[in-house]
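What follows is the residue order along each chain.
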Amino acid sequence: MTSIRRDFLWGAATAPHQVEGNNTLSDWWAREARMPGAEPSGDAVDHYHRYPEDMRLLADAGLNAYRFGVEWARVEPRPGQISRAELAHYRRMIDTAIGYGLTPVVTLHHFSSPRWFAERGGWLADEAIEHFRSYADTVTSILDGVEWVATLNEPNMLAMMTMLAAAMQRGDAAQWQSPTVKGATQVLLPVPDPSIGRRFVEAHHAVRDIVRERTGANVGWTVANQAFTAAPGGEQKLAEVRHDWEDLYLEAARGDDFIGVQSYSSQQVGPNGIIPYPPHPDNTMVGTSYRPDALGIAVRHAWGATGGVPVLVTENGIAVADDTRRIAYTAEALQHLYQAIDEGVDVRGYLHWSALDNFEWGHWEPKFGLIAVDRETFQRHPKPSLAWLGNIAKTGKLR
Ligand code: FCB
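Residues numbered from 1 in each chain as written. Predicted model: local features only at pLDDT ≥ 70, side-chain atom pairs only at ≥ 80, totals over all residues. Heavy atoms only, no water.

## Digging into the overall build of the chain
Looking only at helices and strands, the chain features 13 helices and 13 strands. Here the chain has a C-alpha radius of gyration of 19 Å; the compact-globule value for 399 residues is 21 Å, and the two agree. For the chain, the C-alpha atoms occupy an extent of roughly 50 × 50 × 45 Å along the three principal directions. Relative to its 399 residues, the chain shows a buried fraction of 59%. Long-range pairs, those at least 24 residues apart, make up 79% of the contacts in the chain with a sequence separation of at least 6. Taking the 37 positively charged and 49 negatively charged side chains of the chain as two groups, their mean positions are separated by 2 Å. (Helix = DSSP H or I, 4+ residues; strand = E, 2+ residues; numbered from the N terminus. Rg over C-alpha atoms; globule rule 2.2 N^0.38 Å. Buried < 20%, exposed > 50% of the residue type's maximum accessible area, 1.4 Å probe, protein only. Contact = heavy atoms within 4.5 Å. Lys, Arg positive; Asp, Glu negative; His and termini not counted. Charge placed at Lys NZ, Arg CZ, Asp CG, Glu CD.)

Pasting the structure below:
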């Protein structure tokens, strides 16, 4: 039988822009208005006001951890101007989580930046890292008692978004589709430019040092793991693609306290590059293949590429309307995770994406949540998968 740690984190995750609502000072708010075919985030699911209820639902189900983020645009609405009220808001979230017995896992940056930051050239500007460092420094003032901090969420996806934002700036807006929803018309995503990736590595290391200096938290970052495998003849290309897509970011985590693994699906690499997800009736609402085994591939690869940095699964989930499929997918994914633990990978926890159905970067259609939300009344409707995952959390036993 797999033995998991007594302090194993069992939880769910969200990102501020996807759930809070009215994040009007962020670059994403502006972008939604310009992205072809995008829906606005609007009130989102009003998590900004309703987080106590949401946390209570997670805790009542049996979970012991909650990953959420701090929204930079709220904390620093203008360069150097800090909102004490917003800092106090996020401190209340931390206290509320702890009060419910949920270990907070706090993300400092989850895709969205302040609008002023974007207008000054975003991540490509000379002062970008200094701006991020100074914001992170401010946030450390509210992190007392927080044991887990993620600096940047998915820097590899963020590199790609940065490239697309630059294309949009040049008037090439037709390229802008949701970064995560692979609709029939979606162009293949550009390979994240390693020179942008290296800026994120620098930003991550700078902020990691500050968090370590000022807090007692474990610090790391989270990577969008692709669980790439080679199609016949694709072995050499696989190494190349893997480097630019993820190994650059995984190798930069050597020396971190944990590596956040985020896994949804798996993709093949052929001699000419990444092979698009083949059409299949089981494909998810974001167009990816149904691949619960991806989590095992991702966790093993992250463990190897980081040289044995402890793994925290910071996201794993599936966009499906039918909740029984979510349970089936997650049950299988957890079996693969347990196999990796049996093989000796040091896994510290599993945080499901997502606590709530939410704003999937331009789209409301994909359903990733353990809890459904009526977007007019904001009423919460926990799905059977929430109680199901909570039961696993209580015993650690998969059946
Ligand atoms: C990840 C993001 C998260 C969500 C899931 C589905 O890439 O970190 O915000 O969009 O995918």
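## A closer look at the side chain of His17
Its location among the elements puts His17 in helix α1 (residues 16-19). Non-local contacts of His17, meaning those with residues more than four positions away in its chain, are made with Asn23, Ser26, Trp28, Trp29, Glu32, Ser41, Glu71, Ser112, Phe359 and Trp361.

## Section: the environment of Glu315
With respect to the helices and strands, the residue Glu315 is situated in strand β10 (residues 311-316). Spatially, the C-alpha atom of Glu315 lies 10 Å from that of Asn153, the residues being 162 residues apart in sequence. Dropping the residues within four chain positions of it, Glu315 is found in contact with Arg67, His110, Asn153, Glu154, Val261, Gln262, Ser263, Tyr264, Leu351 and Trp353. A distance of 3.0 Å separates the side chain of Glu315 from the side chain of Arg67, its partner in a polar contact. (Polar contact = N/O pair within 3.5 Å; in protein donor to acceptor, adjacent residues only side chain to side chain.)

## Some words on helix α2 (residues 27-34)
Taken as a whole, α2 has its buried residues at Asp27, Trp28, Arg31 and Glu32. Buried residues in α2, looked at end-on, bunch into an arc of 135 degrees, giving them a common side. Residues of α2 that are buried make contact with α1, α6 (115-119) and α8 (155-169). For α2, the capping residue at the N-terminal end is Ser26, with a side-chain oxygen 3.2 Å from the backbone nitrogen of Trp28. (Arc of directions from axis to C-beta.)

## Side note on the pattern of salt bridges
Side-chain pairs of opposite charge can arise whenever the charged atoms involved come near each other. Enumeration over the complete set of coordinates arrives at 21 salt bridges. The residue Asp27 makes a salt bridge to Arg31 at a minimum N-O spacing of 3.7 Å. Pair noted here: Asp27 and Arg31 are both in helix α2, with a separation of four residues, about one helical turn. Take Asp27 and Arg31: they sit in the same class, and that class is buried. Across the pair Glu119 and Arg115 runs a salt bridge whose closest N-O atoms are separated by 3.6 Å. Note that Glu119 and Arg115 are positioned in helix α6 at a spacing of four residues, about one turn of the helix. Arg115 gets classed as partly exposed once you look at its relative accessible area, which sits at 36%. (Salt bridge = Lys/Arg side-chain N within 4 Å of Asp/Glu carboxyl O.)

## Let's talk about the sheet that holds strand β6 (residues 228-230)
The strands that make up a sheet pair up through hydrogen bonds in the backbone, lying either parallel or antiparallel. Strand order in the open sheet formed by three strands is β6-β8-β9, with mixed pairing between adjacent strands. The sheet is open, and its two borders are formed by β6 and β9 (273-274), each paired with just one other strand. Bridge analysis of β6 against strand β8 (residues 267-270) gives three bridges, and the strand direction is parallel. Each residue of the ladder has a partner; that of Phe228, found in β8, is Gln267. Each of β6, β8 and β9 touches helix α10 (residues 235-251); the most contacted strand, β6, lies at about 165 degrees to it. (Pairing = 2+ DSSP bridges. Axes fitted to C-alpha atoms, helices over the stretch in contact; angles between N-to-C directions.)

## Focus on the nonpolar core
By size, the foremost hydrophobic cluster in this structure holds 102 residues, and its most contacted members are Trp10, Trp123, Trp221, Val299 and Leu337. Looking at which element gives the most residues to this core, the answer is helix α9 (residues 194-214), with seven residues. Ignoring sequence-local partners within four residues, the contact set of Trp123 consists of Trp72, His109, Ser113, Phe117, Ala128, Phe132, Leu152, Leu158, Thr162, Arg199, Phe200 and Ala203. One finds Leu9, Phe258, Leu312 and Leu351 within the second-largest nonpolar core, a separate group that totals eight residues. (Core = buried A, V, L, I, M, F, W, Y, C linked by side-chain atoms within 4.5 Å.)

## Focus: empty space enclosed by the protein
On inspection of all chains with the given rule, the structure shows two cavities of 30 Å³ or more. For the lining of the largest cavity, the residue count by class is seven nonpolar, four polar and one charged. Estimates place the volume of the second largest cavity at around 30 Å³. Around the second largest cavity, the lining residues are Asn225, Gln226, Ala227, Phe228, Arg242, Glu246, Ile297, Ala298 and His301. Per element, the largest residue contribution to the lining of the second largest cavity is three residues, and it comes from helix α11 (residues 294-305). Considered class by class, the residues forming the lining of the second largest cavity number four nonpolar, three polar and two charged. (1 Å grid on protein atoms, 1.4 Å probe; cavity = no way out; pocket = protein on both sides within 12 Å on 5 of 7 lines; lining within 4 Å. Points joined across faces, edges and corners; volume = space filled by probe spheres on them. Nonpolar A, V, L, I, M, F, W, Y, C, P; charged D, E, K, R; others polar.)

## A word on α8
For α8, spanning 15 residues, the distance from its first C-alpha to its last is 20 Å, which sits close to the expected 21 Å at 1.5 Å a residue. Burial analysis of α8 places 12 of its 15 residues in the buried class, the great majority of the element. Remark: Gly171 follows α8 within two positions and exhibits a positive phi of approximately 90 degrees. (Expected span 1.5 Å × (residues − 1).)

## Some details on the environment of Thr138
Among the structural elements, Thr138 can be located in helix α7 (residues 128-139). Relative accessible area serves as the criterion here: at 16%, Thr138 is assigned to the buried category. Residues Thr138 and Ile82 lie 56 residues apart in sequence; the distance between their C-alpha atoms is 8.2 Å. Aside from chain neighbours lying at most four places away, what touches Thr138 is Val75, Ile82 and Leu87. Among the polar contacts made by the side chain of Thr138, one reaches the main-chain carbonyl oxygen of Ser134 at a distance of 3.0 Å.

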